Amino acid sequence: MQTSVPYSFERFTFPDLKTLLAKASPLRSGDVLAGLATQSDEERVATRFALADVPLKRFLSDSLAPYERDDVYPHDHGWSQPGCA
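Please read these numbers as outputs of a predicted model, since none were measured by experiment.

Some words on the overall build of the chain
Link 1 in the chain: A tally of helices and strands in the chain yields 4 helices and 2 strands.
Link 2 in the chain: Each helix and strand of the chain, placed in order from N terminus to C terminus, yields the pattern β-β-α-α-α-α.
Link 3 in the chain: Within the chain, the fraction of its 85 residues that count as buried is 26%.
Link 4 in the chain: Of all intrachain contacts in the chain linking residues separated by at least 6 positions in sequence, the fraction that spans at least 24 positions is 42%.
Link 5 in the chain: Summing over all exposed atoms, the chain offers an accessible surface of approximately 6400 Å²; the carbon and sulfur share of this is 57%.

Given below as structure tokens:
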């Protein structure tokens, strides 16, 4: 779901929640390399304003990392992978 916010005589538009989160964070070289960094400090501030207005339900409904591809922990919750106690 697209989000846009006016700030300092400009309108900034963000195509999805993933982009909004990446651009709201402090400048990092990884975001620059991935093409997700903001182009200006004004855009970063506008992004933070837009992020503050995002309802919690959107975070719960929009999948940032699909469950099937999330490798943080085993999906069967049995902790059956080697090295898991």
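Section: the confidence of the model for the chain
Close reading of the predicted structure is inappropriate where its pLDDT is low.
Link 1 in the chain: Per-residue pLDDT for the chain averages 78, and the proportion of residues at 70 or more is 75%.
Link 2 in the chain: When mean pLDDT is compared element by element in the chain, helix α3 (residues 41–52) scores highest at 89, while strand β1 (residues 3–7) scores lowest at 72.

Structural notes on the pattern of salt bridges
Link 1 in the chain: Counted under the stated rule, the structure contains 3 salt bridges.
Link 2 in the chain: Note that E43 and K23 form a salt bridge whose closest N and O atoms lie 3.2 Å from each other. In this pair, E43 sits in helix α3 while K23 sits in helix α1 (residues 17–24), placing the two residues 20 residues apart along the sequence. Just as E43 is buried, K23 falls in that class too.
Link 3 in the chain: Taking the shortest distance from any N to any O, the salt bridge between D62 and R58 comes out at 3.2 Å.
Link 4 in the chain: Overall, R58 belongs to the buried group, its relative accessible area being 8%.

Quick word on the nonpolar core
Among soluble globular proteins, nonpolar side chains are generally buried collectively.
Link 1 in the chain: With 8 residues, the main nonpolar core is built from V5, F12, F14, L17, L20, A46, A50 and V54.
Link 2 in the chain: For this core, the elements supplying multiple residues, two or more each, are β2 (10–14), α1 and α3.
Link 3 in the chain: Look past the residues within four positions of L17 in its chain and what remains in contact with it is V54, R58, F59, D62 and L64.

Digging into α1
Link 1 in the chain: A large share of α1 lies buried, amounting to 6 of its 8 residues.
Link 2 in the chain: Contact partners of the buried residues in α1: β2, α2 (29–34), α3 and α4 (56–61).

Quick word on a nonpolar patch on the surface
Link 1 in the chain: On the surface, a cluster of nonpolar side chains totalling about 340 Å² of accessible area is made up of L56, F59 and L60.
Link 2 in the chain: Along the chain, the position of L60 falls in helix α4.

Considerations on the side chain of S25
Link 1 in the chain: Along the polypeptide, S25 turns up in the loop between α1 and α2.
Link 2 in the chain: Polar side-chain contacts of S25 include one of 2.8 Å to the backbone oxygen of A22.
Link 3 in the chain: A polar atom in the side chain of S25 sits 3.3 Å from the side chain of D31.
Link 4 in the chain: Sequence-distant contacts of S25, that is, excluding residues within four places in its chain, are made with D31, R44 and R48.

Conventions used here
Residues numbered from 1 in each chain as written. Predicted model: local features only at pLDDT ≥ 70, side-chain atom pairs only at ≥ 80, totals over all residues. Heavy atoms only, no water. Helix = DSSP H or I, 4+ residues; strand = E, 2+ residues; numbered from the N terminus. Buried < 20%, exposed > 50% of the residue type's maximum accessible area, 1.4 Å probe, protein only. Contact = heavy atoms within 4.5 Å. Areas by Shrake-Rupley, 256 points an atom, 1.4 Å probe, with all protein chains shown as cover. pLDDT = per-residue confidence, 0-100. Salt bridge = Lys/Arg side-chain N within 4 Å of Asp/Glu carboxyl O. Core = buried A, V, L, I, M, F, W, Y, C linked by side-chain atoms within 4.5 Å. Patch = residues over 30% accessible without salt bridge, like charges linked within 9 Å, V, L, I, M, F, W, Y side chains within 5 Å. Polar contact = N/O pair within 3.5 Å; in protein donor to acceptor, adjacent residues only side chain to side chain.

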